[in-house]
Amino acid sequence: SYVDSVKIPQSCFLLYSHKELERRIRFYHEHNISVAIDSNITHYALVNNTLNEYLRELLSFGFNILEVEVNMNNDFEDNQKIFDISNSFDLELQWKFNKKNSGNNILYNENLLEKIGELRKISKSKIILEIDQKFDLNIFNKNTNWRFISSLISTYSQSNFIFETDIESLQINLISKFGERVNLGLIDPFQVGLIEWSR
């Protein structure tokens, strides 16, 4: 009941048999949990201009959420086209920012605010902000640009973001900074109890 969605990583998509993948997705659906596909595979489909074929395959397995890494060089029309195609397949689209997008820690990227505004005009789905594991807790030290983060949240509302990190201490820190209703991603299934206790 604490989990809204799960993400199937690239390795599982490539290594599991079709039957096993379908079984897992069916299990999640039985518990009213949506299933997302790792953005790495979506990126491959976009680069190779095979998005339509790729989305048909995702639907055949039962995926609900399409995660797309934001290309900072894409213009409004490029992103609108991606949304229109995913929408035509009735898949929820989630835009994802990570270190590859920005060339630096995403929370310090000056272009982020503008790009999020552009994406919000296209769709109202949640936006994933990946916190690079290499930064660990140093993101949230005295040098953190909290003014920028506060501006981001006050402009677009905290409920529109998912903060992704697989570091448990950082997940708890995010709860303490943003409150109990913060959306967190990359939670280890065995740590769901700890995170919910922290909330």
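What counts and how
- The residue numbers shown here count from 1 along each chain, following its written sequence.
- Residue-level local features of this predicted model are given only where pLDDT is at least 70; pairs of side-chain atoms are given and counted only at 80 or more, and the full residue set underlies all totals for whole chains, interfaces and linings.
- Hydrogens and water are ignored here; the side-chain numbers use all heavy atoms of the structure.
- Only DSSP runs of H or I with at least four residues qualify as helices, and only runs of E with at least two residues qualify as strands; both kinds are numbered from the N terminus onward.
- Every residue pair with non-hydrogen atoms within 4.5 Å of one another is taken to be in contact.
- Here the accessible surface of atoms and residues is derived via Shrake-Rupley with a 1.4 Å probe, and residues count as covered only by protein chains that are part of the display.
- Only residues whose relative accessible area exceeds 30% and that take part in no salt bridge are eligible for patches, with like-charged residues grouped when within 9 Å of each other and nonpolar side chains (Val, Leu, Ile, Met, Phe, Trp, Tyr) grouped when within 5 Å.
- What counts as a salt bridge is simple: a side-chain nitrogen of Lys or Arg found within 4 Å of a carboxyl oxygen of Asp or Glu.
- Any residue under 20% of the maximum accessible area for its type is buried, any over 50% is exposed, and the rest in between are partly exposed; the area is computed with a 1.4 Å probe on protein chains only.
- What we call a nonpolar core is a set of buried Ala, Val, Leu, Ile, Met, Phe, Trp, Tyr and Cys residues that are connected through their side-chain atoms within 4.5 Å.
- Only strands joined by at least two bridges in the DSSP assignment are considered to pair.

1. Topic: the overall build of the chain
Broken down by element type, the chain carries 10 helices and seven strands. Counting only contacts in the chain whose residues sit at least 6 apart along the sequence, the fraction spanning at least 24 positions is 72%. Carbon and sulfur atoms form 47% of the exposed surface of the chain, whose accessible area is close to 11100 Å².

2. Brief notes about a nonpolar patch on the surface
Together, Ile172, Leu194 and Trp197 make up an exposed nonpolar region whose accessible area comes to about 320 Å². Counting through the fold element by element, Trp197 comes out in helix α10 (residues 192–198). Relative accessible area serves as the criterion here: at 70%, Trp197 is assigned to the exposed category.

3. Some details on the nonpolar core
The biggest cluster of nonpolar side chains holds 48 residues, and the ones touching the most others in it are Tyr54, Leu55, Phe63, Leu66 and Phe163. Broken down by element, this core gets its largest block of residues, five residues, from helix α4 (residues 51–61). Excluding residues that lie within four positions of it along the chain, Phe63 makes contacts with Ile8, Phe13, Ile25, Val35, Ala36, Ile37, Leu58 and Leu91.

4. Some words on the sheet that holds strand β7 (residues 184–185)
The strand order across the open sheet formed by seven strands is β1-β2-β3-β4-β5-β6-β7, and the pairing between neighbours is parallel. Only two strands of the sheet have a single neighbouring strand rather than two, namely β1 (5–8) and β7. When strand β6 (residues 161–164) meets β7, the two strands line up parallel, connected through two bridges. By the bridge assignment for β7, Glu164 is matched with Gly185.

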